[in-house]
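# Observations on chain architecture
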Amino acid sequence: MSENLDLVRSIYAAWQGGDFGSTDWACPDIEFEIVGGPDPGRWTGLAGMADGWRQWLAAWDGYHAKAEELRELDSERVLVLGRMSGSGKTSGVVVETEFANLLHVRDHKISRLCLYSNRDRALADLGQEE
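Residues numbered from 1 in each chain as written. Predicted model: local features only at pLDDT ≥ 70, side-chain atom pairs only at ≥ 80, totals over all residues. Heavy atoms only, no water.

Here we come to the pairing of strand β2 (residues 41-44). Judged from the four bridges that link them, strand β1 (residues 26-35) and β2 form a sheet pairing that is antiparallel. Residue pairing in the sheet places Ile34 in a bridge with Gly41 of β2. The hairpin formed by β1 and β2 contains five residues between the paired strands, and Gly36 there has a positive phi angle of roughly 75°. (Pairing = 2+ DSSP bridges. Helix = DSSP H or I, 4+ residues; strand = E, 2+ residues; numbered from the N terminus.)

In terms of nonpolar packing, the biggest core is built from 28 residues, with Tyr12, Trp25, Ile110 and Leu113 touching the most fellow members. Of all the secondary-structure elements, those providing two or more residues to this core are α1 (3-16), β1, α2 (45-58), β3 (60-72), β4 (77-88), β5 (94-106) and β6 (109-116). When residues no more than four places from it in sequence are discounted, the contact partners of Leu113 are Trp15, Trp25, Ile30, Glu31, Phe32, Glu33, Leu102 and Leu103. (Core = buried A, V, L, I, M, F, W, Y, C linked by side-chain atoms within 4.5 Å. Buried < 20%, exposed > 50% of the residue type's maximum accessible area, 1.4 Å probe, protein only. Contact = heavy atoms within 4.5 Å.)

A few words on the packing of aromatic side chains. Under the criterion given, the structure shown has eight aromatic pairs. Seen in terms of ring centroids, Phe32 and Trp43 are 5.6 Å apart; in terms of plane orientation they differ by 40°. Their pairing is tilted. Here the residue Phe32 occupies a position in strand β1, and Trp43 occupies one in strand β2, the gap between them amounting to eleven residues. In this structure Phe32 comes out as buried when scored by relative accessible area, which is 1%. Ring geometry for Trp56 against Tyr63: centres 6.1 Å apart, planes inclined by 90°, an arrangement best described as edge-to-face. (Phe/Tyr/Trp six-rings, centres within 6.5 Å; stacked < 30°, edge-to-face > 60°.)

It is worth stressing that arrangement in space is one thing and function is another; only the former is reported here.
Next comes the structure, spelled out in structure tokens:
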């Protein structure tokens, strides 16, 4: 099994346990992007990523994400397909949907993390349509 897959698997194991605070896996100059959804945006660096995560998580009650499949696209990119769920803090509406996240690995750390709430868009952007 590749080191990149091991790294990504360890990140998602922590997230699935509710630990979104650890950043030891991230490059100090990480690029963090939320693609689509109600609050898309781009942030740079650990503080920027923390701000982006806080904004994302603040919209949810009981947010949970589960990785279902990891695909090593090449020596630097791992695609994670999974399901996320939670209820909107404002609306109270329960949402369960598929997601895709793209992680770029550089020197055993994540240098770029793109969160897609729409799996089809991610697959299309990557030329990976199913």
